[in-house]
Amino acid sequence: MEVPPSSDRSVRGPVRRPLFKTLRRHGKHEDGQAMVEFALVAPMFFLVLFGIIEAGRFIFYYETLNNATREGARYAIVNGANTIGCSTGSPAEPGTTSCNPSGSDVEARVRSAAFGVLDPITVQATWDPHNGRGSTVRVWAEFTYRPLVPIVPLPPITINAES
């Protein structure tokens, strides 16, 4: 003998609801949760993001200034005394100063090699004992770094480079 189908729902399985009704039912008590989470996380996210950007800018300026002093030292070595092609004509005699005894050409070379550095750069070129071949050349440069985005008030940082 066959048993007629029961009208009891537990035998047929769970009642299926449409997906949008299920989602709407779960979201009723969570209206502002995403906005509160964003408000808590966003300031720290942007602080870290701009901190990484500022660190990158600082490293870029530091490396640019180091490279510029290296270029200035190379220029001073190559264009020391006895260099052919001085603007004054023939090269200087051995043991005398070169075509540019003040070092202004070296300073100009450092400034032109420091592309991207906006503030003025302090440059100093010195020779020991004189501005000629066989002498020791020292090129020193200084730049004051200021943050672009002052989220955290940082004081200006002085960057020094020497070659």
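The model shown is predicted, which means the values in this text are computed figures rather than measured ones. (Residues numbered from 1 in each chain as written. Predicted model: local features only at pLDDT ≥ 70, side-chain atom pairs only at ≥ 80, totals over all residues. Heavy atoms only, no water.)

Draft legend 1. Structural context of the side chain of Thr64. Locating Thr64 in the fold gives a position in helix H3 (residues 33–78). Among residues more than four places away in sequence, those in contact with Thr64 are Ala113, Ala114, Phe115 and Val117. (Helix = DSSP H or I, 4+ residues; strand = E, 2+ residues; numbered from the N terminus. Contact = heavy atoms within 4.5 Å.)

Draft legend 2. Representation of the packing of aromatic side chains in the model. All told, the structure shown has eight aromatic pairs when counted by the stated rule. Seen from their ring centres, Phe58 and Tyr145 are 5.5 Å apart, and the 80 degrees between their planes marks the pair as edge-to-face. You can see Phe58 sitting in helix H3 and its partner Tyr145 sitting in strand S2 (residues 136–145), a full 87 residues away along the chain. Phe58 sits in the partly exposed class, given a relative accessible area of 28%. The buried category is assigned to Tyr145, whose relative accessible area is 3%. (Phe/Tyr/Trp six-rings, centres within 6.5 Å; stacked < 30°, edge-to-face > 60°. Buried < 20%, exposed > 50% of the residue type's maximum accessible area, 1.4 Å probe, protein only.)

Draft legend 3. How the structure looks around the pattern of salt bridges. Applying the stated rule across the entire model yields three salt bridges. Residues Arg109 and Glu71 are paired through a salt bridge, measuring 3.5 Å at the closest nitrogen-oxygen approach. On the criterion of sequence distance, the pair formed by Arg109 in helix H4 (residues 104–113) and Glu71 in helix H3 is long-range, its members being 38 residues apart. (Salt bridge = Lys/Arg side-chain N within 4 Å of Asp/Glu carboxyl O.)

Draft legend 4. Up close: H4. Those residues of H4 that fall on the buried side of the exposure criterion are Val106, Val110 and Ala113. In a view along the axis of H4, the buried residues occupy a sector of 70 degrees, so they form one face of it. For H4, the elements touching its buried residues are H3, strand S1 (122–128) and S2. (Arc of directions from axis to C-beta.)

Draft legend 5. View of H3. The terminal C-alpha atoms of H3 lie 67 Å apart, and with 46 residues this matches the ideal 68 Å at 1.5 Å per residue to within 8%. Packed against the buried residues of H3 are H4, S1, S2 and strand S3 (157–162). (Expected span 1.5 Å × (residues − 1).)

Draft legend 6. Structural view of the packing of H3 against H4. Contact pair H3 / H4: the axes reach a minimum separation of 8 Å and the direction vectors enclose 145 degrees. Viewed along their axes, H3 and H4 form a crossing whose handedness is right-handed. For the pair H3 and H4, the contacting residues are Thr64, Ala68, Thr69, Glu71, Gly72, Tyr75 and Ala76 in the first and Asp105, Val106, Arg109, Val110 and Ala113 in the second. Among the residues making up the contact of H3 with H4, the classes are represented as six nonpolar, three polar and three charged. (Axes fitted to C-alpha atoms, helices over the stretch in contact; angles between N-to-C directions. Left-handed = near helix turned anticlockwise from the far one by under 90°. Nonpolar A, V, L, I, M, F, W, Y, C, P; charged D, E, K, R; others polar.)

What is shown is where atoms sit, not what they do.
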